[in-house]
Amino acid sequence: MPEVMTARTDPEGGRSRRQPPSALPKTYDPAQVEERVYALWERGGYFRPRADGAKEKSRRPFTIIMPPPNLTGELHLGHALVVALEDALTRWHRMLGDDTLWLPGVDHAAIAVNAIVERQLADEGRTRHDVGREAFLARVWDFVNRSRSRIAEQHRRLGASADWTREAFTMDPGPQRAVRQTFKRLYDDGLIYRGERLINWDPEGQTALSDLEVDYREVAGHFWYVRYPLLDAEGGQTQEFVTIATTRPETIPADTAVAVNPADERYRSLIGRRVLVPTSDRPVAVIADAAVSMKAGSGALKVTPAHDPLDFEIGERHGLEILNIMNPDATLNERAGAYAGLDRFEARDRVVADLEAKGLIEKVEPYTHAVGHSQRSGAIVEPMISLQWFVSAKPLAQPAIAAVRDGRIRFVPDRFARTYLQWMDNIRDWCISRQIWWGHRIPVWYCDACAGLTVAVQDPTACDHCGDAHIRQDEDTLDTWFSSGLWPHSTLGWPDDSDDLRRYYPTQVMETAYDIIFFWVARMIMLSMYNMRGVPPFETVYLHGLVRAQDGHKMSKSLGNVIDPLKVIDRYGTDALRFTLVTGPAPGNDMRLTDERLEGSRNFANKLWNGARFVLGELEAGERAAAPVDVRARPLEDRWILSRLARLTRTVQQLLDDFQLGEAGRQIHDFLWSEFFDWYVEASKPRLRRGDRSPLPVLVYVLDRSLRLLHPFMPFVTEEIWQRLRRHLQNPRARALIAASYPSKRNVQPALDDEAERAFAVLQNTVRAIRQVRAEKKVEPGRWVPAYVIDRGGDGSLAERSTVIEVLARARPLHIVSAREEAPSEGVVAQVLAGAEVVLPLGGLVDAEQERARLQKEVNDAQGYLQRVEAKLGNDQFRRKAPADVVAREERRRDEIAGRLAGLRERMADLP
RNA sequence: GGGCGAUUAGCUCAGCUGGCCAGAGCGCCCGGUUCACAUCCGGGAGGUCGCAGGUUCAAGUCCUGCAUCGCCCACCA
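Residues numbered from 1 in each chain as written. Chains lettered and ligands numbered in written order. Predicted model: local features only at pLDDT ≥ 70, side-chain atom pairs only at ≥ 80, totals over all residues. Heavy atoms only, no water.

**Student:** Teacher, can you tell me more about the overall build of chain A here?
**Tutor:** The number of helices and strands found in chain A is 27 helices and 27 strands. For 912 residues, the compact-globule formula gives about 29 Å, and the C-alpha radius of gyration of chain A, at 37 Å, lies well above that figure. In terms of overall dimensions, chain A has C-alpha extents of about 120 × 65 × 65 Å along its principal axes. Expressed as a percentage of the 912 residues in chain A, the buried residues total 54%. (Helix = DSSP H or I, 4+ residues; strand = E, 2+ residues; numbered from the N terminus. Rg over C-alpha atoms; globule rule 2.2 N^0.38 Å. Buried < 20%, exposed > 50% of the residue type's maximum accessible area, 1.4 Å probe, protein only.)

Rendered as structure tokens:
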């Protein structure tokens, strides 16, 4: 019974093909494809670098540095873009035969991770000090390791062709040694120092921040004009005041001077006199300093060296007392007198209220100004005097600047080199100590006995200076970017002179977003050159833009417009996401990810799937197609598509060499869809339908090469299809597409065939013209109509391919003639092309007046164009100065358009 | 206050070193169940390439200025 039900009869009664084992499933299901293909890659061991254990000298190393996904949260689209670009580059190089290596890693985002764990503790009613350092770090590691395995899974879903389990991680023990070594070298060279400086303090994370970790945001605030009572020579109060504008009245108790510009006429007489700090009745001097702006505020400045960067500098110049009135949590301390214990913002209100009560507030103005926020905790940053470790940046910057100036390091797009140089030229010392627990601990030990410092790579047991054993390690940890800055060499085994280091340093490409140039790229260049005897860490810095949400805003959790890449993958497939991301923006430009584009990419994958299904369906089980060899003798469409493929291959090669991945992807897309599938596959059908199997080698060959070209952009679908196609290749060599060779102009045959391309273009135009007439005259799409093609001065290639034209244009019988007289001229609709005319006898459908109007419009257009071309050719400046091929092209254009114009006029004359 | 980017069809964007009668996808209009694909096929409409000057035989592409939007850097209280 079931046998009877499933038995199929062939309606045409012809040959009934059995489904070969290589047939693709009818529908394209990305999820299934991804799962199957990934398993195949893993089984084949393709992700292990140097899986074969070979490091042949003949293979060029290609190493790419992978920017870190953030350990604090979910994978975001920016990182998906990173993976898409890096993996595309890596797969391409692997297919070129290079020895590829990723240096993928994780940004330990230490401040944020510490904050998360602190918050966990807070929920339990505890602080890190309650649980102690050991237990705290254990909890952090627990959190981090879970994040790491989640990231590994996400990379897998993205199709990342790197073995994530091998990833180097700046917090792992290997890099730890590199970190200490670097610190010690810098210290010994006098490039690291410890000092009391004004730093950016994050009261929430309770740590210092570097300048870069502070984001300035406009905040609506107030300008308070405060009267500072002026004292007379004996220290007695006068009725005079100096009015000072401030946005932060809570810092008034920390004032240790009032400063004015020496050139300021208004205040010149006050210089050297004294005023009272209005909150505390403490006398301070009025000093003159050129740094004071005469335009800002009232022109007089309260000097608060402990809580303002400019004031700190003024204080240094004048030897002012530094009065720090704040605790680490931004409450005021006992030096703030009556305000001790208050939070800084409460204190602000209280100070204002008290001054108002004393009548010392002259006026209040609303004022919007930029306020620093901690990038990682979001808290308002408090400038504060503090004892911290610093790196002297200038000496490190010099070679790093030179490396970019003289081109040893190249930026793509190159405009970012200027951004980099501008920052580097004005670089300031880098505060590297952080008061958080999870991070590389500063390798400095203090001696209880002699107060000496011991800086060491291995944990020391005694003081370097006095030998006393009572030494304590510095409590602080290092800035995340200090260890990340060592990435290009620390992950390869430095400070050991390892094989990896020798082979893979310097790396070829550093790929990242442009917003991280200063944080990371600049630091890597500086520190790597310092450690690696002046050898820059990479050749090319390839920068991509930011991924924005559909609404064009930067994606952020607080805006609630974050898109989860995994959800996108579930919906459209990894290939669609990757193709969309890579072909989206030009390098360095931001992109917007929209559903429309994702859909388009998914449709492309589906199109490829179905096109491949057609090719595979035409093949018999076990049949192997050789690459087409007898190309010159082949029909026009074969020569055409092979030439187009060769041209595409060259273009793609050039674009990829130039890091224009998006354009390369687009070119492959266009070739496959609008040339191979829309034209070649359709043109091959007439032959196939009549049992002529000669198109198969071409179909197989072009599909094979296209899959190879596309693989870096859409790894899963291409691999899945290629696995089936492989069984029909004569000599597939590789077992998987991921390991197959990338097409190049050397291995794609034959070479370009301009003549075939030109001739086929005429054929295409002919078909289009017939279709156009049919559509315009509303001929039922299924109906065959007779047609004439007048092939003016053709080489016979049209006549030779008349069946192709017939089928594509659904025109039959099709008469290809060489003179107008051989075609009817009444009751026809005609299209005049450059090299041919198309004539459709449509009898009753033809309206002479309409035809006249249509032809007249075309005549007008053609005339206008001809005039422009003739004007250009008539200009002897043009003939003298333009390159010969441009002139020749214009002449050809003129001849074509003139011929067409003549044809159009004749057509009009034929109308009744 | 410096610096950078964007401004091209209704929308989102390509257009590299100047040669284009300006491209794609989506959307829109007309028409299609042809045995790879309706996640598709055929046809079509739609653009003073932000504005104003300039260089050039030739400018969306180079230069200058301006406008709008966005980003980065900067100690102006």
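**Student:** Help me out: how do you make sense of the protein's contact with RNA strand B in this one?
**Tutor:** Around RNA strand B lies a shell of 58 residues, among which Ser 293, Asn 606, Arg 666, Trp 673 and Lys 881 are the nearest. A share of 62% is what sugar and phosphate atoms reach among the atoms of RNA strand B within 4 Å of the protein. The side chain of Arg 771 places a nitrogen or oxygen atom 3.4 Å from a sugar or linking oxygen of RNA strand B. Contributions of two or more residues to the surface near RNA strand B are made by β6 (237-246), α10 (415-425), α17 (595-618), α19 (661-689), α22 (754-776), α25 (848-874), α26 (876-881) and α27 (884-910). (Near = heavy atom within 4 Å. Polar contact = N/O pair within 3.5 Å; in protein donor to acceptor, adjacent residues only side chain to side chain.)

**Student:** I keep staring at the pattern of salt bridges and nothing clicks. Help me out?
**Tutor:** A full pass over the atoms with the stated rule returns 75 salt bridges. Note that Arg 248 is salt-bridged to Asp 308, the shortest N-O span being 3.8 Å. Taken together, the residues span a long stretch of sequence, with Arg 248 in the loop between β6 and β7 (257-260) and Asp 308 in the loop between β10 (300-303) and α7 (309-318) at a distance of 60 residues. Residue Arg 248 is classed as buried on the basis of its relative accessible area, which comes to 17%. The partner of Arg 408 in a salt bridge is Asp 406, and the shortest N-O contact between them spans 3.1 Å. Accessibility expressed as a relative area gives 47% for Asp 406, which makes it partly exposed. (Salt bridge = Lys/Arg side-chain N within 4 Å of Asp/Glu carboxyl O.)

**Student:** Help me understand the side chain of Asn 333 in this model?
**Tutor:** Within the fold, Asn 333 resides in the loop between α7 and α8 (344-357). Classification of Asn 333 by relative accessible area gives buried; the value is 5%. One polar contact links the side chain of Asn 333 to the main-chain amide nitrogen of Arg 335, over a distance of 2.9 Å.

**Student:** What is the right way to look at the environment of Asp 496 in this model?
**Tutor:** With respect to the helices, strands and loops of the structure, Asp 496 is situated in the loop between α12 (487-490) and α13 (499-504). Overall, the relative accessible area of 39% leaves Asp 496 in the partly exposed class. Taking the C-alpha atoms as reference points, Asp 496 and Pro 732, 236 residues apart in sequence, are found 42 Å from one another. Discounting residues that sit within four places of it in the chain, Asp 496 has contacts with Arg 177 and Leu 501. Here Arg 177 takes part through its side chain, which lies 2.8 Å from a polar atom of the side chain of Asp 496. (Contact = heavy atoms within 4.5 Å.)

**Student:** Before we go on, may I ask you to explain the sheet that holds strand β24 (residues 785-791) in this structure?
**Tutor:** Two pairing modes exist for strands in a sheet, parallel and antiparallel, and in both the strands are linked by backbone hydrogen bonds. The four strands lie next to each other as β25-β24-β27-β26, forming an open sheet whose pairing is mixed. Either end of the sheet is taken by a strand with one partner, and the two such strands are β25 (811-817) and β26 (828-832). With strand direction ignored, the average angle separating the axes of adjacent strands in the sheet is 20°. Those strands touched by α22 are β24, β25, β26 and β27 (836-841), and its axis lies near 30° from that of β27. (Pairing = 2+ DSSP bridges. Axes fitted to C-alpha atoms, helices over the stretch in contact; angles between N-to-C directions.)

**Student:** What exactly am I supposed to notice about the nonpolar core here?
**Tutor:** A general tendency of soluble globular proteins is for nonpolar side chains to be buried together. The biggest cluster of nonpolar side chains holds 128 residues, and the ones touching the most others in it are Leu 577, Phe 676 and Phe 713. Examining the composition of this core, we find that 12 residues originate from one element, α19, more than from any other. Setting aside anything within four residues of it in sequence, one finds Leu 577 in contact with Leu 77, Ala 80, Leu 158, Pro 565, Val 568, Ile 569, Leu 593 and Leu 598. Leu 212, Leu 396, Trp 430 and Leu 492 belong to the second-largest nonpolar core, a separate cluster that totals 60 residues. (Core = buried A, V, L, I, M, F, W, Y, C linked by side-chain atoms within 4.5 Å.)

**Student:** Any chance you could explain the pairing of strand β2 (residues 99-103) here in plain terms?
**Tutor:** Both faces of the sheet carry side chains from a regular strand, because those side chains alternate between them. The buried fraction of β2 amounts to five of the five residues, a majority that puts the element mostly inside the structure. Side chains Asp 99, Leu 101 and Leu 103 of β2 all project onto a buried face; the interleaved residues Thr 100 and Trp 102 project onto the opposite face, where all are buried too.

**Student:** So what exactly am I meant to see when it comes to the pairing of β6 here?
**Tutor:** Where strand β5 (residues 214-231) meets β6, seven bridges bridge the pair, whose relative direction is antiparallel. For Val 226, the partnering residue across the bridge sits in β6 and is Ile 244. Hairpin connection between β5 and β6: a loop of five residues separates the two successive antiparallel strands, and Gly 235 in this loop has a positive phi of roughly 95°.

**Student:** Just checking my understanding: could you explain the sheet that holds strand β21 (residues 538-544) for this structure?
**Tutor:** Read across the open sheet, the five strands follow the order β2-β1-β20-β21-β13; overall the sheet is parallel. The sheet is open, and its two edges are formed by β2 and β13 (410-412), each paired on a single side. If you compare each strand with its neighbour and ignore which way they point, the axes differ by 20° on average. Summarising the sheet, β13 and β21 pair through three bridges and their orientation is parallel. Of the residues in β21, the one forming a bridge with Phe 411 is Val 541.

**Student:** What should I look at first to understand the environment of Ala 162 in this one?
**Tutor:** Within the secondary structure layout, Ala 162 lies in the loop between α5 (128-157) and α6 (173-188). Taking C-alpha positions, Ala 162 is 9.9 Å from Ala 152, a pair spaced 10 residues apart along the chain. Dropping the residues within four chain positions of it, Ala 162 is found in contact with Phe 47 and Trp 102.

**Student:** How should the environment of Phe 390 be read in this particular structure?
**Tutor:** With respect to the helices and strands, the residue Phe 390 is situated in strand β12 (residues 382-391). When its relative accessible area of 6% is taken as the criterion, Phe 390 is described as buried. Distance from Phe 390 to Arg 194, taken between C-alpha atoms, is 6.1 Å for residues 196 residues apart in sequence. With near-sequence residues (within four places) excluded, Phe 390 lies in contact with Leu 191, Ile 192, Tyr 193, Gly 195, Arg 197, Ile 199, Trp 430, Cys 431 and Ile 432.

**Student:** Could you clarify how one ought to interpret α22 in this entry?
**Tutor:** An α-helical segment advances 3.6 residues per turn. Residues three or four places apart therefore align on the same side. Between its first and last C-alpha atoms α22 spans 32 Å; for 23 residues at 1.5 Å apiece the expected length is 33 Å, and the two agree. What α22 keeps buried is the set Ala 756, Glu 757, Ala 759, Phe 760, Leu 763, Gln 764, Thr 766, Val 767, Ala 769, Ile 770, Val 773 and Arg 774. Positive backbone phi, at 55°, marks Lys 778, one or two positions downstream of α22. (Expected span 1.5 Å × (residues − 1).)

**Student:** What exactly am I supposed to notice about the state of the cysteines here?
**Tutor:** A covalent bond between the sulfur atoms of two cysteines is what we call a disulfide. Within the structure shown, the criterion is met by zero disulfides. Residue Cys 450 stays outside any disulfide, its sulfur separated by 3.5 Å from that of Cys 466, the closest cysteine. Classification of Cys 450 by relative accessible area gives partly exposed; the value is 34%. (Disulfide = S-S within 2.5 Å.)

**Student:** Just to check I follow, could you spell out α19 for this structure?
**Tutor:** Helix geometry: α19 is bent most strongly at Phe 676, by close to 45°. Phi for Gly 691, located one or two positions after α19, is positive at around 90°. (Bend = angle between axes of the 7 residues up to and from the residue.)

**Student:** Where do I start with the packing of aromatic side chains in this structure?
**Tutor:** Any aromatic ring pair is given by two values, namely how distant the centres are and how the planes are angled relative to each other. Under the definition given, this model contains 26 aromatic pairs. Measuring from ring centre to ring centre gives 6.3 Å for Trp 679 and Phe 760, while their planes differ by 85°; the resulting arrangement is edge-to-face. Here Trp 679 is found in helix α19, whereas its partner Phe 760 is found in helix α22, with 81 residues between them in sequence. Accessibility assignment for this pair places Trp 679 and Phe 760 in one class, buried. Following the ring pairs from residue to residue traces out a cluster consisting of Phe 183, Tyr 187, Trp 389, Trp 430 and Phe 482. A cation over a ring is seen here: Arg 185 above Tyr 530, with NZ or CZ 4.4 Å from the ring centre. (Phe/Tyr/Trp six-rings, centres within 6.5 Å; stacked < 30°, edge-to-face > 60°. Lys NZ or Arg CZ within 6 Å of the ring centre and 35° of its normal.)

**Student:** Looking at this structure, I do not really get the packing of helix α16 (residues 574-583) against α17. What am I missing?
**Tutor:** Relative placement of two packed helices is described by the angle separating their axes and the distance separating the axes. Running from amino to carboxyl end, α16 crosses α17 at an angle of 120°, the nearest separation of the two axes being 8 Å. As the angle between them shows, α16 and α17 are arranged oblique. Our pair here, α16 against α17, has a crossing hand that is right-handed. Residues Ala 576, Leu 577, Phe 579, Thr 580 and Thr 583 of α16 touch α17, and the partners they reach there are Arg 597, Leu 598, Ser 601, Arg 602 and Phe 604. Classifying every residue of the contact of α16 with α17 gives five nonpolar, three polar and two charged. (Parallel < 35°, antiparallel > 145°, perpendicular 65-115°, else oblique. Left-handed = near helix turned anticlockwise from the far one by under 90°. Nonpolar A, V, L, I, M, F, W, Y, C, P; charged D, E, K, R; others polar.)

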